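So you can see what is in the structure, the chains are spelled out below.
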Amino acid sequence: MASPNSYKLRCSIPGHEMDVRGLATAVFPVGAFVSVSRDRTGRVWVPNSSSPDKGFTEMHCMSGHSNFVSCVCIIAPSETYPRGLIATGGNDNNICVFTLDQPQPLFTLQGHKNTVCSLSSGKFGTLLSGSWDTTAKVWLNEKCMMTLQGHSAAVWSVVILPEQGLMLSGSADKTIKLWKAGRCERTFTGHEDCVRGLAVISNTEFFSCSNDASIRRWLVTGECVQVYYSHTNYIYSLAVFPNSEDFVSTGEDRTLRIWRKGECCQTIRLPAQSVWCCCILPNGDIAVGASDGIIRIFTEAEDRMASAEDLQAFEDELSKATIDPKTGDLGDIKLEDLPGREHLNEPGNRDGQTRLIKDGEKVEAYQWSVSDGRWMKIGDVVGGSNQQTSKSVMYEGKEYDYVFTIDVNEGGPSMKLPYNMTDDPWLTAHNFLQKNDLSPMFLDQVANFIIENTKGHVVGPAQPAVADPFTGGARYIPGSSDDRPGFGADPFTGAGRYIPESGPNPSAPVGVADPFTGGGAYSSAALRQTPTNIYFPKTDGVTFEQANASQIIAKLKELNGGAPQEHKLSEDILGSLELLLLSVCNPNSSEPPPNIQQINLLWKASHWPEDIVFPVLDIMRLAVRHPQVNETLCGEAEGVQLCNHLLSLMRPEGRTANQMLALRTLCNCFSGKCGQALLMAQRETVLSRAADLVTVCNKNIHIALATLVLNYAGCLHAQPDLEAKAQCLSVASRALETVQDKEAIFRLLVALGTTVASDISAQDLARSLDVSSQISKYSSVSDPSKVGECCKLVLKELH
């Protein structure tokens, strides 16, 4: 009799014609699950109505992919779809989303540039996808919200953590990345080969599995707390039991392994080379999919186990398998040294232990079953491991296990395909096709050619880890402190100095409903009588207006006096810049409007050395508000140059004054149509660079950054561009984790409110990023009261 903790076959489901690549437990009907296959279909399986404890029946078949289907996940039920939805990813680069009622997709998500190999769903309908194109994408309401970029190779696995806004991606670059609000917060290193699978344990922990034949347990804070070894080849998938401690794994060593309390307590070998996927059903049974196209269900409940005849048939099928010694842990085989059948009288010392015996001229493999207390034959060993496996083929200066000659086009030149047995055949085939500019349609053909001609794989000795290109010393790490003297400090020194916009803002009459014009400008008491929301949506741009022209010119002349000879400005140029400044500061005065010569001189002067350029930038900040200057500097021809120049001054390692003035100049560009069009076209790059400045400890930079996000939110308010709004939400959300200045916090809250106001999809996205819990602490802020009041209004939008 089987022990209570031992799994046995419940049933085999021969429903697919090719490899079963993905499995997921369905929400509806009870006890159902979904499978996807290389045969381009997805299928829903339900327990048999006549004998639900035994087999499964196909309830629904889905087709919509033009190539093989590689992954599946269930999108949680909603009011619109109370049974949930089924999402599948395929080799046609698409994601198809199905209902349980139709065989064709409800809709298709397009955007990835290569195979979609992993999917995970979160709250509020969010979907996370991973692809061979090296990116992960976040989807909501049929649109791509964010693209997560940072991996240098295929993203094999993705998962959304229960804490909203946190996402994980595992890649062929051997790393795992933690993402929050669309930005990489942490990179986990430790695996020595491709990361193939991820599984959530809790809010704070997760598992990963890899081609290096190990499973790792991680804390989201970055620590690897345990490494599990038992598999002898690539590990493809993981599934965690409801107790959040025990789990199962499958891999290229033909096995399903059950882990309890950190130990591999049972190994179930299957009559298929690749055991691609697994999932745990609500009743605790385990479903696995393999390369023979069969789904097998294993159970530890005796009343659900297969009949004795079926169990024997499964064992017989397993015993007839042929095993290449290079695919498992069989070691170097010398027939004369192997024991005979009498060796099987000695019990094994662990479940899954493998033992080879000779029977005449044959070599047979047996596996110890603790639950049955006997050795089970798992196949005949074919070939010998005395075949040459050391790297001996040279190609382009490197040694490989194999170098194949591939003829794709008749009469065309042949191509070389180098391959090591530690490589993934599908990824190797993919890279070969890309390198030689060949159609992805050849992928199956090339990968199967590799598999056939290498007769399986073996995990070789661990290679020295290649240094992660993202952790080099020269790299900027958000959140790291900068210990350069004076960095982050006010750069304006000396008596009589001028500090850009350091003085008080001019007061507006008390009670004016514009909270952006300083403390004396607005009375919360007067406004509380009005139930209307005065804060957002704010669609007119917020600019930095204050200027002291005489101090700016004085500082410019002072710095020009000490400038290197090759950078000195002539008196004529200084005079022109002064006239330009006076003209833009006093548009109603008798000064003539700026002319093209003055604007060109300003542009040239803005390329002064970075240690002295700040007064020129301050002139530019004020000048771009003027329609003539805005049109000239931000027009189609010059606009991109201006943008790139300002972004170069905003480098995280740059000077604080330049960073702040470049940000303020970008904010002021929104005052003209040309500037607005320029910044909207460059949004992704501008916001990405600006977001990096949140780590510079300077409140003026934080206020300028918040204002930039707010201006973008205002421009996007009436537009249906959800991906752009997602970036605004992401940058604002990340900034709120660091920013302390109340004015910056207020402007970020207004940006959030403007982004989500009257836009249900943006509200759903904000909920999925857990914006509410992030900002709720500001609802009690009473000094200034506008922070608390605005926060409450944003929270109201999100509930």
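Residues numbered from 1 in each chain as written. Predicted model: local features only at pLDDT ≥ 70, side-chain atom pairs only at ≥ 80, totals over all residues. Heavy atoms only, no water.

### With respect to the pattern of salt bridges
Evaluation of the coordinates by the stated rule reveals 32 salt bridges. The partner of R43 in a salt bridge is D39, and the shortest N-O contact between them spans 3.9 Å. Exposure class is identical for R43 and D39. Each is buried. The residue E743 makes a salt bridge to R747 at a minimum N-O spacing of 2.7 Å. You can see E743 and its partner R747 sitting in helix α16 (residues 742-756), four residues apart, about one turn around the helix. Salt bridges here are not isolated pairs; linked through shared partners, they connect R341, D359, K362, E364 and K377. (Salt bridge = Lys/Arg side-chain N within 4 Å of Asp/Glu carboxyl O. Buried < 20%, exposed > 50% of the residue type's maximum accessible area, 1.4 Å probe, protein only. Helix = DSSP H or I, 4+ residues; strand = E, 2+ residues; numbered from the N terminus.)

### Details of the sheet that holds strand β29 (residues 322-323)
With mixed pairing, the four strands of this open sheet are ordered in space as β29-β32-β31-β30. In this open sheet, the two edge strands, each paired with only one partner strand, are β29 and β30 (354-359). Pairing geometry for β30 and strand β31 (residues 362-369), over six bridges, is antiparallel. From the neighbouring strand, L356 faces β31, where its bridge partner is A365. (Pairing = 2+ DSSP bridges.)

### Remarks on the pairing of strand β28 (residues 295-299)
Across the five residues that make up β28, a large majority, five, are buried. Residues I295, I297 and T299 point to one face of β28 and R296 and F298 to the other, with burial holding for every one of them. As judged from the five bridges shared by strand β1 (residues 8-13) and β28, these two strands associate in the antiparallel manner. Its bridge partner being in β28, C11 is matched across the sheet by I297. Relative to β28, strand β27 (residues 286-290) runs antiparallel, the two sharing four bridges. If you follow A287 over to β28, its bridge partner there is I297. With antiparallel pairing between neighbouring strands as the criterion, β27 and β28 make up a hairpin whose turn holds four residues, including G293 at a positive phi of roughly 80 degrees.

### So, the sheet that holds strand β20 (residues 214-219)
Ordered in space as β18-β19-β20-β21, the four strands form an open sheet in which the pairing is antiparallel. One side of each edge strand has no neighbouring strand; the edge strands of this open sheet are β18 (195-200) and β21 (224-229). Put simply, the sheet's adjacent strands are angled 20 degrees from each other on average, direction ignored. Bridge count for β20 against β21 is five bridges, and the pairing is antiparallel. (Axes fitted to C-alpha atoms, helices over the stretch in contact; angles between N-to-C directions.)

### Examining the state of the cysteines
Here is the idea: a disulfide is a covalent bond, and it sits between the sulfur atoms of two cysteines. Inspection of the entire model under this criterion finds zero disulfides. Of all cysteine sulfurs in the structure, the one in C277 sits closest to C278, which takes part in no disulfide; the separation is 7.3 Å. With a relative accessible area of 7%, C278 lands in the buried category. Looking at C643, it has no disulfide partner, and the nearest cysteine sulfur is the one in C669, 7.8 Å off. (Disulfide = S-S within 2.5 Å.)

### Details of the packing of aromatic side chains
Two numbers describe a pair of aromatic rings. These are the distance of the centres and the angle of the planes. Enumeration according to the criterion identifies 17 aromatic pairs in this entry. Relative to Y228, the ring of F207 has its centre 5.9 Å away and its plane inclined at 70 degrees; by these criteria the two rings are edge-to-face. Of this pair, F207 sits in strand β19 (residues 205-210) while Y228 sits in strand β21, placing them 21 residues apart in sequence. The two residues F207 and Y228 agree in class, both being buried. (Phe/Tyr/Trp six-rings, centres within 6.5 Å; stacked < 30°, edge-to-face > 60°.)

### Looking at the packing of helix α8 (residues 614-623) against helix α11 (residues 656-669)
To characterise two packed helices, one gives the angle between the axes of the helices and the distance between these axes. As a packed pair, α8 and α11 sit with axes 9 Å apart at the nearest point and diverge in direction by 15 degrees. Classified by the interaxial angle, the pair formed by α8 and α11 is roughly parallel. Our pair here, α8 against α11, has a crossing hand that is left-handed. Between α8 and α11, the residues in contact are F614, L617, D618, M620 and R621 and A657, N658, L661, R664, T665 and N668, respectively. (Parallel < 35°, antiparallel > 145°, perpendicular 65-115°, else oblique. Left-handed = near helix turned anticlockwise from the far one by under 90°. Contact = heavy atoms within 4.5 Å.)

### Some words on the environment of Q104
Within the fold, Q104 resides in the loop between β8 (95-98) and β9 (107-109). In this structure the C-alpha to C-alpha distance between Q104 and M62, which are 42 residues apart in sequence, comes to 6.2 Å. Those residues within four positions of Q104 in sequence are excluded, and the remaining contacts are S63, G64 and F98.

### Remarks on the packing of helix α13 (residues 683-692) against helix α15 (residues 722-736)
Running from N to C, α13 and α15 cross one another at 5 degrees; their axes reach a closest spacing of 10 Å. Comparing their axes, α15 and α13 come out roughly parallel. Contacts from R683, E684, L687, S688, A691 and D692 in α13 reach E723, A724, Q727, C728, V731 and R734 in α15. Of the residues belonging to the contact of α13 with α15, the class tally is five nonpolar, two polar and five charged. (Nonpolar A, V, L, I, M, F, W, Y, C, P; charged D, E, K, R; others polar.)

### Side note on the nonpolar core
Within the largest apolar cluster, 118 residues are counted, with the highest numbers of intra-cluster contacts made by L663, L708, L749, L752, I775 and Y778. Residues in contact with L663, not counting those within four places in the same chain, are M650, A690, L693, I701, A704, L705 and L708. Core analysis: the second largest hydrophobic core is formed by 41 residues, I13, A154, L281 and Y402 among them. (Core = buried A, V, L, I, M, F, W, Y, C linked by side-chain atoms within 4.5 Å.)

### Observations regarding the pairing of β8
Along β8, one buried face is formed by I95 and V97 and the opposite face, lined by C96 and F98, is buried too. By the bridge criterion, four bridges tie strand β7 (residues 85-90) to β8 in an arrangement that is antiparallel. The residue of β8 that forms the bridge with T88 is C96. The antiparallel pairing of β7 with β8 creates a hairpin that spans four residues between the two strands, and N93 there sits at a positive phi of about 75 degrees. As paired elements, β8 and β9 share three bridges and run antiparallel to each other. Across the sheet, the residue bridging to C96 is T108, located in β9.

### Considering unusual backbone geometry
Residue P29 follows F28 across a cis peptide bond; omega there is -10 degrees. With respect to the element layout, P29 can be found in the loop between β2 (20-25) and β3 (33-37). A cis amide bond links D783 with the next residue in sequence, P784, at an omega value of 0 degrees. Phi is positive for R40, which is not a glycine, with a value near 75 degrees. Following the sequence through the fold, R40 ends up in the loop between β3 and β4 (41-47). Unlike most non-glycine residues, S758 shows phi in positive territory, near 60 degrees. Structurally, the position occupied by S758 is in the loop between α16 and α17 (760-768).

### As for the side chain of S169
Looking at where S169 falls in the secondary structure, it is placed in strand β15 (residues 166-171). Owing to a relative accessible area of 1%, S169 belongs among the buried residues under this scheme. Within polar-contact distance, the side chain of S169 engages the side chain of H151 at 2.7 Å. Setting aside its immediate chain neighbours within four residues, S169 contacts H151, V155, S157, V158, T175, I176, K177, W179 and L198. (Polar contact = N/O pair within 3.5 Å; in protein donor to acceptor, adjacent residues only side chain to side chain.)

### Some details on the confidence of the model for the protein chain
If pLDDT is low for a region, its predicted coordinates should not be looked at in detail. When pLDDT is averaged along the protein chain, the result is 84, and 84% of the positions lie at 70 or above. Every residue in residues 502-513 is under pLDDT 50, and counting partners more than four places away or in other chains gives 19 contacts. (pLDDT = per-residue confidence, 0-100.)

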